[in-house]
Protein chains: 2
Amino acid sequence: MNVEIITIGNELLIGQVIDTNSAWMGQHLNNAGFDVTRITSIQDKKETIISTLNEALLRSEIILLTGGLGPTKDDITKETLADFFNAKLVFNETAYNNVVSFLKGRVKGINQLNKAQAYVPENCDVINNPVGTAPIMWFENCGKIIVSMPGVPFEMKTAMSDEIIPRLKSIFATGHIIHKTIQVFNVSEAVLAEQLEEWESTMPEYISLAYLPSPGKIRLRLTAKTNDKKLAEENILKLTQSLYTIIGDHIFGEEDKSAQELLGEVLCKTQKTLAVAESCTGGNIGHLITSIPGSSVYFKGGVIAYDNTIKEKTLGVKTEALELHGAVSQKVVEQMAIGAKKLMHSDYSIATSGIAGPDGGTNEKPVGTVWIAIAGDFGVYSQRYNFGKIRLRNIQRSSDTALILLLKKIINK
Amino acid sequence: MNVEIITIGNELLIGQVIDTNSAWMGQHLNNAGFDVTRITSIQDKKETIISTLNEALLRSEIILLTGGLGPTKDDITKETLADFFNAKLVFNETAYNNVVSFLKGRVKGINQLNKAQAYVPENCDVINNPVGTAPIMWFENCGKIIVSMPGVPFEMKTAMSDEIIPRLKSIFATGHIIHKTIQVFNVSEAVLAEQLEEWESTMPEYISLAYLPSPGKIRLRLTAKTNDKKLAEENILKLTQSLYTIIGDHIFGEEDKSAQELLGEVLCKTQKTLAVAESCTGGNIGHLITSIPGSSVYFKGGVIAYDNTIKEKTLGVKTEALELHGAVSQKVVEQMAIGAKKLMHSDYSIATSGIAGPDGGTNEKPVGTVWIAIAGDFGVYSQRYNFGKIRLRNIQRSSDTALILLLKKIINK
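For clarity, every value in this text was computed on a predicted model and none was experimentally measured.

Participant: Please clarify how the environment of B:Thr202 should be interpreted in this entry.
Facilitator: All names here are of chain B. Along the chain, threonine 202 falls in the loop between helix H9 (197–201) and strand S10 (207–214). Here threonine 202 falls in the exposed class, since 11 other C-beta atoms lie within 10 Å of it. In this structure the C-alpha to C-alpha distance between threonine 202 and aspartate 256, which are 54 residues apart in sequence, comes to 24 Å.

Here is the structure:
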């Protein structure tokens, strides 16, 4: 079933805001069995909105609009839709109750602008918006569906997940869609593709495979579109099992979760704690870990040991190790990991030391060189990498790899 | 002058990749005086590309295409353009030299796929691509311009900055565009708009103002489109000066740079050093600081003091302060800042302690409460905030505000 997305807002066209909504919608619609065939971003202009809508209706069954529903003057999507359908704007109880209940406790009283938000085109069905004041409007017209929702990502996502996708699925039976994600690391996409060539050829036709690379890891996503759910599940299970025989060393997770999420879950379950000692990653590993709600249960803290004297003073790295091998070395990174574990009284620790770029390399240790160490009841384990000289990418890959390295070590026990 | 952007690639429609190219292009074209009126993302399908191109040509003078220029089978933009113009694919010297010089030193020899990249439609002008193998093709047709470039952000940006925008400017004289960005913090958009209402009304018609809010700060961007450059610059200078009289306390920078960049520049210039002690921000301030190349000159390091015992042990926070006031308190955050400065022998320090959410609040200290302290030759300064209970947003706002707070204190001296 073809879906088009139309995002409305001047801020998208002057590059003030990156349109992240469309990608999120594309991904979730795709997972639900719908094909997004076109994404169009346009200005808040009546004639443009109407002509774009007309063109989209010639091509597609479902049109999803975001943006232009705020209470201020420059937002005109609602009025334009009323004109488009030649419908009057009428007071809507659902929309009004939504505004009232959302603003309750936040502001004193409801002003004229908020009241105006309760008026919607008479031919629409109002969908509840529990996280904002804008009405979400569902139109059906000549067998086609048009939905208008706010451009605020949180409001759009709530509406899509809770109401719009379930409704679309119930109207357009799209069969069963089964997804399975397997996450791998420490291998390049090209090498992986070569290793999996034969395995891929054994896949039934209704199952497809996507490689989704990101810094430090690759997600392999199997998608089955089928009417025989049981058979598909059996096949996906078999495919996953044989994947372990081929590339088991590289697999670190079977769910579509971040390394810090998966590591957090393991630490919670086993009631173990973690500390970090970061040089080249400069705090990013700590940031990733603490971006997970509840991480204070298992994360003790860390040292950002940028300066060498800090490595010595707080982590107990030996002066001779620094002098003999340099800060970016196996000796130093292992001492950092041991030092952090000791200082923070944690069960596990992660340490990094490298040259993130763009400058600072030598022949022996070129820009991009990173040492990662992990410590725990298994002792200390360390490895050398080169993650390239684009600074931010190097930091991301180092951080992700370090988290996965520890995760893999713990789950392999 | 109207510009439309067409981005081509299945990965954009299934949400595997977020289209960040369009926003970047929109911003840079806007700065150069061109109006982007539509952004369309479509699949790698010949008929779709052709019909989208035809529609765009009815509306606009300039069409910029990205994507679909790789050497593999699924990339069909070049062949489609040849069909569109009814042109033959011919061997192009410029395109071939580009491939050869790019691959030199990277791979041994040039394979068939690379050679094929040197064939382009006979009616195009090939623009040099110094950072990739795909040809960048410039077409002129009935007074309209169509440019096809790679979807790889780095290649697109290099081509746009070095060649395409300068060429467009020389063809379509767009007058002078002057921008001035003033960055403010510690004030909401609504309050700011109220305070600036009168000031805004004094602006000449050819100068426009945009509010660009992001977590922790708002950028005010003045844009003048004019033929009288000197007068415009004078007017913008006057407007900026009077802005200091009205909201000087909130201004922390006049350039479009991040807080960590601006702070890094000040520290470099004054040869001072910095350390951090992070609780609720969990390493993110360290991460932001160290994402700037060369930060090792002024950044000593920090402590991620998530666990209270770490606050005591490494930063010297007093047990009674923790017991009496709790970790999220003025006393503790100030002791953290002083402790970090002392431990790291730095000139300045930043400390944070808060409840980032989504849970963990009390009546007295609701979720979102954050204390920030800065220390330096000015002594210790601290302030309490509430940055809301969306965890990542809270962390971002806390980090940005902490950096700006120190920056502002240093430049105000």
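Alright, that's what it looks like, and here's the rest.
Participant: I keep staring at the domain arrangement of chain A and nothing clicks. Help me out?
Facilitator: Frequently, the measure chosen for interface size is the accessible area removed from exposure when the parts meet. Each assigned domain of chain A is listed here: domain 1 (2–171), domain 2 (176–253) and domain 3 (259–411). Computed over C-alpha atoms, the centres of domain 1 of chain A and domain 3 of chain A are 45 Å apart.

Participant: Is there a simple way to think about the interface of chain A and chain B in this case?
Facilitator: Contact with chain A, which involves 49 residues of that partner, is made by 49 residues of chain B. For the side of chain A that touches chain B, the elements supplying multiple residues, two or more each, are helix H2 (21–31), strand S2 (35–42), helix H12 (284–290), strand S14 (299–304), helix H13 (308–315) and helix H16 (391–411) of chain A. Here the side of chain A that touches chain B gets 7 residues from one element, more than from any other, and that element is S2(A). Across the side of chain A that touches chain B, the residue classes tally to 23 nonpolar, 21 polar and 5 charged. The pairing of S14(A) with strand S14 (residues 299–304) of chain B spans 3 bridges and is antiparallel. If you follow A:Val303 over to S14(B), its bridge partner there is B:Val303.

Participant: Help me understand the packing of helix H11 (residues 259–270) of chain A against H16(A) in this model?
Facilitator: For any two helices packed against each other, one specifies the crossing angle of their axes together with the interaxial distance. All names here are of chain A. Viewed as axis vectors pointing N to C, H11 and H16 meet at an angle of 35 degrees, and their least axial separation amounts to 9 Å. In the crossing of H11 with H16, the sense of the turn from one axis to the other is left-handed. Along its contact with H11, which presents Ala259, Gln260, Leu262, Leu263 and Val266, the element H16 presents Asp400, Leu403, Ile404, Leu406, Leu407, Ile410 and Ile411.

Participant: So what exactly am I meant to see when it comes to the packing of helix H3 (residues 46–59) of chain A against helix H4 (residues 77–84) of chain A here?
Facilitator: Residues and elements named next belong to chain A. At a minimum axis separation of 10 Å, H3 and H4 run at an interaxial angle of 55 degrees. It follows that H3 is oblique to H4 by the angle criterion. Both H3 and H4 take part in a crossing whose hand is right-handed. Residues Lys46, Ile49, Ile50 and Leu53 of H3 lie in contact with H4, whose contacting residues are Thr77, Thr80 and Phe84.

Participant: I keep staring at the relation of the copies chain A and chain B and nothing clicks. Help me out?
Facilitator: In this arrangement, two copies of a chain are superimposed by a rotation about an axis accompanied by a shift along the axis. Superposition record for chain A on chain B: RMSD 0.4 Å, screw rotation 180 degrees, translation along axis 0.4 Å. Within this description, the copies of the chain are treated as partners about a two-fold rotation axis. A share of 100% of the interface residues of chain A reappears at the interface of chain B, consistent with the copies meeting face to face through the same patch.

Participant: Would you mind showing me how to read the sheet that holds strand S9 (residues 176–184) of chain B here?
Facilitator: All names here are of chain B. Taken together, the 4 strands give an open sheet; going across it, the order is S10-S11-S9-S12, and neighbouring strands pair in antiparallel fashion. Single-partner strands in this sheet number two, and they are S10 and strand S12 (251–253). Ignoring strand direction, the axes of neighbouring strands in this sheet form an average angle of 35 degrees. Where S9 meets S12, 2 bridges bridge the pair, whose relative direction is antiparallel. What sits directly across from glutamine 183, in S12, is glycine 253. Here helix H10 (residues 229–247) sits on the sheet in contact with S9, S10, strand S11 (217–226) and S12, set at roughly 10 degrees to S9.

Conventions used here
- Residues numbered from 1 in each chain as written.
- Chains lettered and ligands numbered in written order.
- Predicted model: local features only at pLDDT ≥ 70, side-chain atom pairs only at ≥ 80, totals over all residues.
- Helix = DSSP H or I, 4+ residues; strand = E, 2+ residues; numbered from the N terminus.
- Buried ≥ 20, exposed ≤ 12 C-beta atoms within 10 Å, placed from the backbone.
- Domains from an automatic or database assignment.
- Contact = placed C-beta atoms within 7 Å.
- Nonpolar A, V, L, I, M, F, W, Y, C, P; charged D, E, K, R; others polar.
- Pairing = 2+ DSSP bridges.
- Axes fitted to C-alpha atoms, helices over the stretch in contact; angles between N-to-C directions.
- Left-handed = near helix turned anticlockwise from the far one by under 90°.
- Parallel < 35°, antiparallel > 145°, perpendicular 65-115°, else oblique.
- Least-squares fit on C-alpha atoms with pLDDT ≥ 70 in both.

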